[in-house]
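# A structural walkthrough
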Amino acid sequence: MAKYSYLARNSIGQIAKGEMDGANETEVKNRLRSNGLQPIELKKYKEPGSGFFTPQVKGKDLQVFSRQFATLINAGIPVVDSLKILEDGMRSPLLKEACNYVRTQIEQGKRLAEAMRNRPQVFDRLFCNMVQAGEESGILDTILQRLAMYIEKSEKLKSQIKGAMVYPAVIIAVAVLVISGILVFVIPKFLEIFKSSGQKPPALTQAVVNISDGMIHHWVIFLGCLIGIPFAFSQWIKTPEGKEAFDQISIKLPVFGDVVQRSAIAKLARTLSTLLSSGVGILDAIEIAARTSGNSVVEKSLVRCKESISEGRPFASPLAKEKIFPEMVVQMIAIGEQSGTLDSMLGKIADFYEDEVESAVKAMTSLIEPLLMVGLGSVIAVLVIAMYLPVFNMGNAVGN
């Protein structure tokens, strides 16, 4: 659904203006005509964040929004007034516009969850379904508090993984700059010495010189590769095929694969626990968890489980056939189903694997640091040896 502003003429010739939602211009024009208005001009609102670089609402902002919204509802303030208060205090333009839109839709007779579904770039399916469950059960403030806790834990898990990636990324970037500087600025100085000696450089030296010449005379190609390859990779993993292939490879990698698997299980368990404890049905909860898992391997596994559950089987039965889920997880879910405490058991699984992710991230970081240092030192050592080999040869020649 898109939002349009319109100018129209009514039956007595007066000009009317306003806003209306519709799938396209034709639908909006037809709705205006059915209301006795003749469209004169339509303008589609540009969605906040539309364009090549699409900003998103930060998890922290959404967490604060959910917690403040819950507090206002719990204090007895109506939803429309609560949204107006929140809108005035919002810093995020995207969230501010979403509050305004949802409030306007509620004033026109729509329910809160229904209005939020028209802003999927702000409120995802999990958020909307939980809000709907809260509206129907009359515990909207409790549901919003659970959402705030869920977002807080999800953001903590995400920041742990991102934090583990920052250090290697910085080291690799610095290494690329240092090595490029040596090849472009230092190697040519040594090359002048080699030429003046009149001797043929060793094979290793000649290879390094060739690379240096290539970077100096064809720097556009090297720069294009340096920018183009990461960009092409980022676009490739956004495609369904690319994301599926990347997820399958990443989960099988040594060291890093453990972090990916544990974080996927932690997020899945936390999502299912939050949804089930909020009154969402098991089939709907599994479908939402699959779509919000962020990992195609987990998503496909959950889809297969959902098909089995819809045939009357317990959740743990098809889950045991999926290799990505450890036996402990399957057993705890089976116990939760038998005791009627599945949401609580899933919460315990999430707590356990969130701690596991923290431990795995620390182990991975401690392993990556020396490996990077050894790799960077080896490359620089090769360059130094390549440059000084001719010097040693000239010294030997003079000595003889």
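Residues numbered from 1 in each chain as written. Predicted model: local features only at pLDDT ≥ 70, side-chain atom pairs only at ≥ 80, totals over all residues. Heavy atoms only, no water.

## Let's talk about the overall build of the protein chain
Counting its secondary structure elements, the protein chain contains 16 helices and three strands. In terms of overall dimensions, the protein chain is more spread out than a globule: its C-alpha atoms have a radius of gyration of 30 Å, far above the 21 Å expected for 400 residues. C-alpha extents for the protein chain along the principal axes are approximately 105 × 65 × 40 Å. Scored against the burial criterion, the 400 residues of the protein chain give a buried share of 38%. Nonlocal contacts in the protein chain, meaning residues at least 24 apart in sequence, comprise 59% of its contacts between residues at least 6 apart. (Helix = DSSP H or I, 4+ residues; strand = E, 2+ residues; numbered from the N terminus. Rg over C-alpha atoms; globule rule 2.2 N^0.38 Å. Buried < 20%, exposed > 50% of the residue type's maximum accessible area, 1.4 Å probe, protein only. Contact = heavy atoms within 4.5 Å.)

## As for the layout of surface pockets
A probe as big as a water molecule, rolled over the atoms, marks out the empty space that is left. Space inside the largest pocket adds up to approximately 1,900 Å³. Along the walls of the largest pocket sit 48 residues, with Lys158, Lys267, Thr292, Ser293 and Gly294 positioned nearest its centre. When residues of the lining of the largest pocket are traced back to their parent elements, those giving at least two are α2 (59-74), α6 (125-137), α7 (140-197), α9 (219-236), α10 (240-250), α11 (256-277), α12 (282-291) and α13 (296-309). Among the elements that line the lining of the largest pocket, the one with the most residues is α7, at eleven residues. Residues of the lining of the largest pocket, tallied by class, amount to 22 nonpolar, 14 polar and twelve charged. Considering the residues around the second largest pocket, the lining is formed by Val176, Ile179, Ser180, Gly181, Val184, Phe185, Met215, Ile216, Trp219, Phe222, Leu223 and Leu226. (1 Å grid on protein atoms, 1.4 Å probe; cavity = no way out; pocket = protein on both sides within 12 Å on 5 of 7 lines; lining within 4 Å. Points joined across faces, edges and corners; volume = space filled by probe spheres on them. Nonpolar A, V, L, I, M, F, W, Y, C, P; charged D, E, K, R; others polar.)

## Looking at the packing of aromatic side chains
In the structure shown here, the tally under the stated rule is six aromatic pairs. With centroids separated by 5.5 Å and ring planes inclined at 50°, the aromatic side chains of Phe65 and Phe69 adopt a geometry described as tilted. One end of the pair is Phe65 and the other is Phe69, both in helix α2 and four residues apart, which spans about a single turn. Considered together, Phe65 and Phe69 belong to a single accessibility category, that of buried residues. Ring centres of Phe352 and Tyr353 lie 5.1 Å apart, and the angle between their planes is 90°; this geometry places the pair in the edge-to-face category. Sitting above the plane of the Tyr101 ring, Arg119 keeps its charged end 3.8 Å from the centroid. (Phe/Tyr/Trp six-rings, centres within 6.5 Å; stacked < 30°, edge-to-face > 60°. Lys NZ or Arg CZ within 6 Å of the ring centre and 35° of its normal.)

## Let's talk about the side chain of Glu287
By the secondary structure assignment, Glu287 is in helix α12. Excluding anything up to four places from it in sequence, Glu287 contacts Arg125 and Lys306.

## Some remarks on the side chain of Ser301
With respect to the helices and strands, Ser301 occurs in helix α13. For Ser301, a relative accessible area of 2% gives the class buried. Separated by 3.0 Å, the side chain of Ser301 and the backbone oxygen of Val297 make a polar contact. With residues near it in sequence (within four places) discarded, Ser301 still touches Glu322, Ile324 and Phe325. (Polar contact = N/O pair within 3.5 Å; in protein donor to acceptor, adjacent residues only side chain to side chain.)

## A closer look at the pattern of salt bridges
As enumerated under the stated definition, the model contains 16 salt bridges in all. When the shortest N-O distance is used, the salt bridge between Asp351 and Arg270 registers 2.5 Å. In this pair, Asp351 is assigned in helix α16 (residues 342-399) and Arg270 in helix α11, connecting sequence segments 81 residues apart. For Arg270, the salt bridge goes to Glu354, with nearest N and O atoms at 3.1 Å. Placement of the pair is Arg270 in helix α11 and Glu354 in helix α16, with a sequence separation of 84 residues. Salt bridges sharing partners connect three or more residues here, namely Glu87, Arg103 and Glu107. (Salt bridge = Lys/Arg side-chain N within 4 Å of Asp/Glu carboxyl O.)

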